[in-house]
There are 2 protein chains.
Amino acid sequence: MQSLQAKASEWSGVDSADAFAVDDTNLFQKLGLQTFVNLSTNFYNRVYDDEEEWFRSIFANSKKEDAIQNQYEFFVQRMGGPSLYSQRRGHPALIARHRPFPVTHQAAERWLHHMQQALDSTPEIDADSKVKMMNFFRHTAFFLVAGDELKNKQNQQVPCKHATSSSHQACKNF
Amino acid sequence: MQSLQAKASEWSGVDSADAFAVDDTNLFQKLGLQTFVNLSTNFYNRVYDDEEEWFRSIFANSKKEDAIQNQYEFFVQRMGGPSLYSQRRGHPALIARHRPFPVTHQAAERWLHHMQQALDSTPEIDADSKVKMMNFFRHTAFFLVAGDELKNKQNQQVPCKHATSSSHQACKNF
């Protein structure tokens, strides 16, 4: 079984060095808090107005302002700023927190479509940061698609110590 | 339903401000890479030699050197150093990656017992850093116990858009 990281790289077309180039510079220091707030506001304005009902409905039970805050606090924390997200909500636990949602290849592409547009219409973000962020988002989106597939494996799950040779292999590669 | 963070605080006795006080100073810069390698080596030497078979067996299908590297790379990344963990394995995704293991209250306490001993026998770690790290570890261990409980909810899981009033509530609080 491929690892989560290998699947994310293959499906996104972004290798892990490019995905985590967001860590080469401190993007929070470079861009500032307000830029992240603007980006997430811009992003969720598009999502909540999406003409594609199947995608818009994924967010239907969350308030837009909560979605915006959760997102920009995570981005700030992950990109070199204070740990706003964890102080309020704990570890990001990205796969587990996306568990209630159908994170398919199609949903990842739709998310990325809106994020590309949000980045392109947030002029405070320079071209180099934009490329780094988009690589990070693209790899992460498909990392979550890979994580989503774990849900379907739930019923086959056995503790590693009792694993058969095939599930043992899955256990090691997870 | 309580949030993961609220459960972690209640069960660990560590509130989120104390848990994430690891972010008040850059512990990686203060302690250096070798200290984290030493801590994780010290910790897993104890775990793999644990006289309690039930706990030792949780790790039986992982190589000790892999367990050590996964742990210190995560600690380094989370405590202000380079993103060694994500470059190699992707997002920490702490709850999902612990899914194969029985993360019970008892297992959390046993993990913490070994970590306290490992911290106490790693003299490069000063007293203040030790307190901050232990608060972080204690809160995180019980955050993972809270995450472990989600496995049992798998079969009741419904997409939020189709949620009944009670599962809708769970969905919002997750």
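This structure is a prediction, so every number in the text was calculated from the model and none was measured.

Chemist: How would you explain the overall build of chain A if you had to name every residue and give the values?
Modeler: When helices and strands are counted, chain A shows 11 helices and zero strands. The order of α-helices and β-strands along chain A, N terminus first, is α-α-α-α-α-α-α-α-α-α-α. Sorting the 174 residues of chain A into buried and exposed places 52% on the buried side. Residue pairs at least 24 apart in sequence account for 73% of intrachain contacts in chain A once pairs closer than 6 positions are excluded. Accessible surface, chain A: about 7,800 Å² in total, of which carbon and sulfur atoms supply 50%.

Chemist: Account for the nonpolar core, naming residues and giving values.
Modeler: The biggest cluster of nonpolar side chains holds 51 residues, and the ones touching the most others in it are Phe36, Leu39, Met115, Met133 and Phe137 of chain B. Looking at this core, the elements with two or more residues in it are α1 (4-12), α3 (27-31), α4 (33-48), α6 (64-78), α8 (94-97), α9 (105-120) and α10 (127-149) of chain B. Broken down by element, the residue count for this core peaks at 10 residues, all from α10 of chain B. When near neighbours in sequence (up to four residues on either side) are disregarded, methionine 133 of chain B contacts Val22, Leu27, Leu31, Phe36, Leu39, Met79, Leu119 and Ile125 of chain B. Membership of the second largest hydrophobic core comes to 50 residues, among which are Leu4, Ile58, Leu94 and Met115 of chain A.

Chemist: Mind laying out helix α6 (residues 64-78) of chain A, listing which residues take part and the relevant values?
Modeler: Residue and element names in this part refer to chain A. Taking 1.5 Å per residue as the helical rise, α6 with its 15 residues ought to reach 21 Å, and the 21 Å between its terminal C-alpha atoms agrees with that figure. All of the buried residues along α6 are Ala67, Ile68, Gln71, Tyr72, Glu73, Phe74, Phe75, Val76, Gln77 and Arg78. Looking one or two places after α6, you find glycine 80, whose phi comes out positive at around 105°.

Chemist: An account of the pattern of salt bridges is requested, with residue identities and associated values reported.
Modeler: Residue and element names in this part refer to chain B. Enumeration according to the criterion identifies 18 salt bridges over all chains in this entry. Note that lysine 30 and aspartate 126 form a salt bridge whose closest N and O atoms lie 3.4 Å from each other. Here the residue lysine 30 occupies a position in helix α3, and aspartate 126 occupies one in the loop between α9 and α10, the gap between them amounting to 96 residues. Judged by its relative accessible area of 27%, aspartate 126 falls in the partly exposed class.

Chemist: An account of the side chain of threonine 35 of chain B is needed here, citing residue identities and associated values.
Modeler: Tracing the sequence through the fold places threonine 35 of chain B in helix α4. A distance of 2.8 Å separates the side chain of threonine 35 of chain B from the backbone oxygen of leucine 31 of chain B, its partner in a polar contact.

Chemist: Now, about the packing of aromatic side chains: what can you tell me, with residues and values included?
Modeler: Given two aromatic rings, their pairing is described by the distance between the two centres and the angle made by the two planes. Inspection of the entire model under this criterion finds 26 aromatic pairs over all chains. Seen in terms of ring centroids, phenylalanine 74 of chain A and tyrosine 85 of chain A are 6.3 Å apart; in terms of plane orientation they differ by 80°. Their pairing is edge-to-face. Of the two residues, phenylalanine 74 of chain A sits in helix α6 while tyrosine 85 of chain A sits in helix α7 (residues 84-89), which places them 11 residues apart along the sequence. Here phenylalanine 74 of chain A and tyrosine 85 of chain A have matching classes, each one buried. Where phenylalanine 136 of chain B meets phenylalanine 137 of chain B, the ring centres are 5.9 Å apart and the plane angle is 65°; that geometry is what we call edge-to-face. The class of phenylalanine 137 of chain B is buried, set by a relative accessible area of 2%.

Chemist: Which residues make up the packing of α4 of chain B against α6 of chain B, and what values go with them?
Modeler: Residue and element names in this part refer to chain B. Their axes nearest at 9 Å, the elements α4 and α6 cross at an angle of 140°. The orientation of α4 with respect to α6, classified from their angle, is oblique. By crossing handedness, the relation of α4 to α6 is classed as right-handed. Within the contact between the two elements, α4 uses Leu33, Phe36, Val37, Leu39, Ser40, Thr41, Phe43, Tyr44, Asn45 and Tyr48 and α6 uses Lys64, Ala67, Ile68, Gln71, Tyr72, Phe75 and Val76.

Chemist: Now, about helix α1 (residues 4-12) of chain A: what can you tell me, with residues and values included?
Modeler: Along an α-helix, residues three or four positions apart point the same way, because every turn accommodates 3.6 residues. Regarding α1 of chain A, the residues found buried are Leu4, Gln5, Lys7, Ala8, Ser9 and Ser12 of chain A. A positive backbone phi angle near 75° is found at glycine 13 of chain A, which sits one or two residues after α1 of chain A.

Chemist: Describe in detail empty space enclosed by the protein, supporting the description with residues and values.
Modeler: Within this structure, the stated rule accounts for three cavities of 30 Å³ or more. Along the walls of the largest cavity sit 22 residues, with Ala96 and Arg99 of chain A together with Ile95, Ala96 and Arg99 of chain B positioned nearest its centre. Per element, the largest residue contribution to the lining of the largest cavity is five residues, and it comes from helix α10 (residues 127-152) of chain A. Tallied by class, residues from the lining of the largest cavity come to 10 nonpolar, six polar and six charged.

Criteria and cut-off values
Residues numbered from 1 in each chain as written. Chains lettered and ligands numbered in written order. Predicted model: local features only at pLDDT ≥ 70, side-chain atom pairs only at ≥ 80, totals over all residues. Heavy atoms only, no water. Helix = DSSP H or I, 4+ residues; strand = E, 2+ residues; numbered from the N terminus. Buried < 20%, exposed > 50% of the residue type's maximum accessible area, 1.4 Å probe, protein only. Contact = heavy atoms within 4.5 Å. Areas by Shrake-Rupley, 256 points an atom, 1.4 Å probe, with all protein chains shown as cover. Core = buried A, V, L, I, M, F, W, Y, C linked by side-chain atoms within 4.5 Å. Expected span 1.5 Å × (residues − 1). Salt bridge = Lys/Arg side-chain N within 4 Å of Asp/Glu carboxyl O. Polar contact = N/O pair within 3.5 Å; in protein donor to acceptor, adjacent residues only side chain to side chain. Phe/Tyr/Trp six-rings, centres within 6.5 Å; stacked < 30°, edge-to-face > 60°. Axes fitted to C-alpha atoms, helices over the stretch in contact; angles between N-to-C directions. Parallel < 35°, antiparallel > 145°, perpendicular 65-115°, else oblique. Left-handed = near helix turned anticlockwise from the far one by under 90°. 1 Å grid on protein atoms, 1.4 Å probe; cavity = no way out; pocket = protein on both sides within 12 Å on 5 of 7 lines; lining within 4 Å. Points joined across faces, edges and corners; volume = space filled by probe spheres on them. Nonpolar A, V, L, I, M, F, W, Y, C, P; charged D, E, K, R; others polar.

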